[in-house]
Amino acid sequence: MENKNPIELGSFWLPRAGSTLAEHIDAGWAAAYWVSVLFFVLVTGAVVLFAVKYRRRSEHDKTSPIDHSATVEVVWTLIPLAILIALFFVGMRGYVHASVAPAESYEINVTGEMYIWTFTYPDGTTTVNEMAVPRGRPVRLILSSKDILHSFYIPEFRVKQDVVPGSYTSLWFEATDTRETVLLCTEYCGSGHSDMLATVKVMEPSDFEKWLEGNNNSDLPPEELGKTLFVKRACATCHSLDGTRLQGPSLKGLFGREEELADGSKVTADENYFRDSLFNPQGQIVRGYPPVMPSFKGLLKDREVDALIAYLKTVK
Ligand code: CUA
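This is a predicted model, so every value here is computed, not measured.

Q: Would you mind showing me how to read unusual backbone geometry here?
A: Cis geometry marks the peptide bond from M114 to Y115; its omega dihedral reads -5 degrees. Relative to the assigned elements, Y115 resides in the loop between β1 (106-113) and β2 (116-120). Within the chain, N129 stands out as a residue other than glycine whose phi angle is a positive 55 degrees. For N129, the location among the structural elements is in the loop between β3 (126-128) and β4 (130-134). A relative accessible area of 7% means that N129 is categorised as buried. At A234, a residue that is not glycine, the phi angle is positive and equals roughly 65 degrees.

Q: In this structure, what is going on with the UniProt feature "transmembrane region" (unreviewed entry) in the protein? I would like to understand it.
A: Per the UniProt record, "transmembrane region" (unreviewed entry) is annotated on residues 31-52 and 73-96. Between the end C-alpha atoms of residues 31-52 there is a gap of 32 Å, over a span that is 100% helix and 0% strand. Helix makes up 100% of residues 73-96 and strand 0%, whereas the separation of the span's terminal C-alpha atoms amounts to 34 Å.

Q: Could you clarify how one ought to interpret the packing of helix α6 (residues 271-279) against helix α7 (residues 302-314) in this entry?
A: Any two packed helices are characterised by how steeply their axes cross, that is the angle between the axes, and by the distance between the axes. Packing of α6 against α7 brings their axes to within 11 Å, and their N-to-C directions diverge by 125 degrees. What the angle tells us is that α6 and α7 run oblique. For the crossing formed where α6 meets α7, the hand is right-handed. From α6, E271, F274, R275, L278 and F279 reach across to α7, where they touch D302, V305, L308, I309, L312 and K313. Of the residues belonging to the contact of α6 with α7, the class tally is seven nonpolar, no polar and four charged.

Q: Whenever I open this one, the UniProt feature "domain: Cytochrome oxidase subunit II copper A binding" (unreviewed entry) in the protein confuses me. Can you help?
A: Per the UniProt record, the feature "domain: Cytochrome oxidase subunit II copper A binding" (unreviewed entry) sits at residues 103-214. Strand forms 53% of residues 103-214 and helix 9%; the C-alpha atoms that close the span are 28 Å apart.

Q: Looking at this structure, how should I read the pattern of salt bridges?
A: It is possible for side chains of opposite charge to pair when their charged atoms get near one another. Under the definition given, this model contains twelve salt bridges. For R140, the salt bridge is made with E107, and the minimal N-O distance between the two is 2.8 Å. Residue R140 is found in strand β5 (residues 138-145), and its partner E107 is found in strand β1; the two are separated by 33 residues along the sequence. Judged by its relative accessible area of 36%, E107 is partly exposed. With a shortest N-O distance of 3.3 Å, R287 and E260 are connected by a salt bridge. Of this pair, R287 sits in the loop between α6 and α7 while E260 sits in strand β11 (residues 258-260), and the two are 27 residues apart along the sequence. A relative accessible area of 45% means that R287 is categorised as partly exposed. A relative accessible area of 33% places E260 in the partly exposed class.

Q: I'm lost on the sheet that holds β4 in this one. Help?
A: Pairing in this open sheet of five strands is mixed, and the strands run β4-β10-β9-β6-β7 from one edge to the other. Since the sheet does not close on itself, it has two edges, and those belong to β4 and β7 (159-163), each with one partner. Geometrically, the sheet is characterised by an average inter-axis angle of 20 degrees between neighbouring strands, direction not taken into account. As paired elements, strand β6 (residues 150-154) and β7 share five bridges and run antiparallel to each other. Within β7, the position partnered with Y153 by the bridge is K160.

About the criteria used
- Residues numbered from 1 in each chain as written.
- Predicted model: local features only at pLDDT ≥ 70, side-chain atom pairs only at ≥ 80, totals over all residues.
- Heavy atoms only, no water.
- Helix = DSSP H or I, 4+ residues; strand = E, 2+ residues; numbered from the N terminus.
- Buried < 20%, exposed > 50% of the residue type's maximum accessible area, 1.4 Å probe, protein only.
- UniProt positions renumbered as here; feature names shortened; annotations may be inferred.
- Axes fitted to C-alpha atoms, helices over the stretch in contact; angles between N-to-C directions.
- Parallel < 35°, antiparallel > 145°, perpendicular 65-115°, else oblique.
- Left-handed = near helix turned anticlockwise from the far one by under 90°.
- Contact = heavy atoms within 4.5 Å.
- Nonpolar A, V, L, I, M, F, W, Y, C, P; charged D, E, K, R; others polar.
- Salt bridge = Lys/Arg side-chain N within 4 Å of Asp/Glu carboxyl O.
- Pairing = 2+ DSSP bridges.

In structure tokens form, the structure reads like this:
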């Protein structure tokens, strides 16, 4: 599959920053980093220095009878305490920023399932494995899972949240630059876990409106619409078109083919078989494949199913 990983590095070996939260997270990271560097140098420096300066020089050396020093102990307690309190406030600012979504946030519903991400916009538009968001506007995501635990992670936005079946979680961000980046599942959820990726497109608000319209109604001829949908609905994650075995059977030359099902019965792949497989995928599992296909019920309109059929008929 194509490399969907356009994460670029920014400072401190972190991915480049892409949201208003990133400066908070990165500030906390940099603060902890430099405090660690400082104390590494101080402590190891003192160890080496003292080991040389106070080393045993002869058999007759005696350990000097040093007791404790209250001044030194107070100093080495108060200075780290002050540093830790400062670090706490750096972290707390970021935590508060991340926790409270602005009231005027644009809301998108996100569903995770083995092994795709689905996005539902306020106007009813749905996309699979592709999320576009407007730049400079707070976006709140309401996350849920159809099956098991997944985790939603956009490294460049510095947001990560568990996606839990049977309940909602949420997160928000405000993207600062127009770019394309990647969303990862970061909770091991099965054999397709590492393919559970989505593209995140940050667009100027006017381009975003156009994108939303373009995804809502398409005037393409069926075969071309089908070809677009095959990619956009992430069919290609699990089904090849060239005979290669992926998570699911290859769809090369699907129509007219005789498939042996898990229960041993045989079925000829026609339009109805294809439609049933989309809407009730567990009903007819091809022998030798795991029953992992998600249902596309509610995600594809009749016209879109027709278009996919028209397209797949051209893939011989
Ligand atoms: Cu979903 Cu890992």
